[in-house]
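# Chain and residue survey
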Amino acid sequence: MDFEFPLPIHTPPTINRTRAWIQTGLDIPQAIDPNDRDYLQVAPHKWMDTCLQALTNELAFELKKVDMEYSDHHGYIQEFEFRPLKEFNADLDELEAVFLLQEDRIEIVLQVDRKAKGLRSLFAEALDMDEHNVRITILESEMEQGTLYVAKRLKDVISQYIEN
């Protein structure tokens, strides 16, 4: 029998190896299979999907990996790791993103990891000083402007952290 129920806004989507399930148990003596795990397919929230489309389709980043990590401030978070394919390929090693959804906005925490170019940036990379963390807030009214708007916002922010 099919059923549906609303999930919390921050439920991570089942992308790549991320899995979600409902686990049930029966308290019946000598039951053959008292525990059950039913896997779910969780689609990204529409704002997260817009951001993912902006990064992959508009800005030509390839999604490499999705991990669940623990953050002291936010609890478990889903981290998306991207590899630049076109415009940012010469300047970035990778881009990591965490999407923090609220009722009226999405906050995107980006880690911009620049490529080493020259001796100074080679030392920065060796000391992990080539990474910049930046937080972007996009309001619900802005999200309604669509993928191209979000792509422009992301491109403008990423471009600020590229060495000339």
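Up top is the structure.
Described in the following lines is the structure provided in the data block. Please read these numbers as outputs of a predicted model, since none were measured by experiment.

Relative to the elements of secondary structure, leucine 101 occurs in strand β5 (residues 92-101). Overall, the relative accessible area of 10% leaves leucine 101 in the buried class. The spatial distance from the C-alpha of leucine 101 to the C-alpha of isoleucine 9 is 6.6 Å, given a sequence separation of 92 residues. Aside from chain neighbours lying at most four places away, what touches leucine 101 is Ile9, His45, Trp47, Met48 and Ile106.

Below, the discussion takes up the sheet that holds strand β6 (residues 105-114). Taking strand neighbours across the sheet as the criterion, the five strands line up as β3-β4-β5-β6-β7 in an open arrangement whose pairing is antiparallel. The outermost strands of the open sheet, each flanked by one partner alone, are β3 (61-71) and β7 (131-139). Between one strand axis and the next, the sheet turns by 25° as a mean value, whatever way the strands run. Here strand β4 (residues 75-84) runs beside β5; their pairing, made up of four bridges, is antiparallel. The partner of phenylalanine 82 across the bridge, within β5, is leucine 95.

Take helix α4 (residues 147-160) next. Spanning 14 residues, α4 covers 20 Å between terminal C-alpha atoms, matching the ideal 20 Å at 1.5 Å per step. Residues of α4 that are buried include every one of Val150, Ala151, Leu154, Val157 and Ile158, and no others. Taken end-on, α4 shows its buried residues confined to a sector of 135°, consistent with a single buried face. Exposed side of α4, more than 90 degrees from the buried face: Leu148, Lys152 and Gln160 are the residues found there. Check the buried side of α4 and you find it contacts α1 (46-58), β3, β5, β6, β7 and α3 (140-143).

Moving on: the packing of aromatic side chains. With the rule as written, the count across this model stands at five aromatic pairs. Here the aromatic rings of phenylalanine 61 and phenylalanine 88 are separated by 5.7 Å at their centres, their planes lie at 25°, and the arrangement is stacked. Pair noted here: phenylalanine 61 is in strand β3 and phenylalanine 88 is in the loop between β4 and β5, with a separation of 27 residues, a long-range link. With respect to class, phenylalanine 61 is no different from phenylalanine 88; both count as buried.

With that settled, the discussion passes to the nonpolar core. Ranked by size, the top nonpolar core spans 32 residues in total, and within it Phe61, Phe99, Ile106, Ile108, Leu110 and Leu154 carry the most contacts. If you list the elements that add at least two residues to this core, you get α1, β3, β4, β5, β6, β7 and α4. Beyond its immediate chain neighbours, meaning those up to four positions away, leucine 110 contacts Leu95, Glu96, Ala97, His132, Asn133, Val134, Ile136, Leu154, Val157 and Ile158.

Thresholds applied
Each chain carries its own residue numbering, running from 1 in the direction its sequence is written. Local features in this predicted model are restricted to residues whose pLDDT is 70 or higher, and side-chain atom pairs enter the listing and the counts only when it is 80 or higher, whereas totals over whole chains, interfaces and linings include all residues. Based on all heavy atoms of the structure, the side-chain values leave hydrogens and waters out of the count. In DSSP terms, a helix is any run of H or I states spanning at least four residues, a strand is any run of E spanning at least two, and both are numbered starting from the N terminus. Buried, partly exposed and exposed residues are distinguished by accessible area as a fraction of the type maximum, computed with a 1.4 Å probe on protein chains only: under 20%, between the cut-offs, and over 50%, respectively. In what follows, a contact means two residues having at least one pair of non-hydrogen atoms within 4.5 Å. At least two DSSP bridges between two strands are required for those strands to pair. Interaxial angles span 0 to 180 degrees and are taken between N-to-C directions of axes, which are lines fitted to C-alpha atoms, for helices over the stretch in contact. One fewer than the residue count of a helix, multiplied by 1.5 Å, yields its expected span. By construction, the arc corresponds to the directions joining the helix axis to the C-beta atoms. Side-chain rings of Phe, Tyr and Trp (the six-membered ring for Trp) are treated as a pair once their centres are within 6.5 Å; stacked means planes under 30 degrees apart, edge-to-face means over 60, and tilted covers the remaining angles. In this description, a nonpolar core means a group of buried Ala, Val, Leu, Ile, Met, Phe, Trp, Tyr and Cys residues linked to one another through side-chain atoms lying within 4.5 Å.

Distances and angles like these do not, on their own, reveal function.
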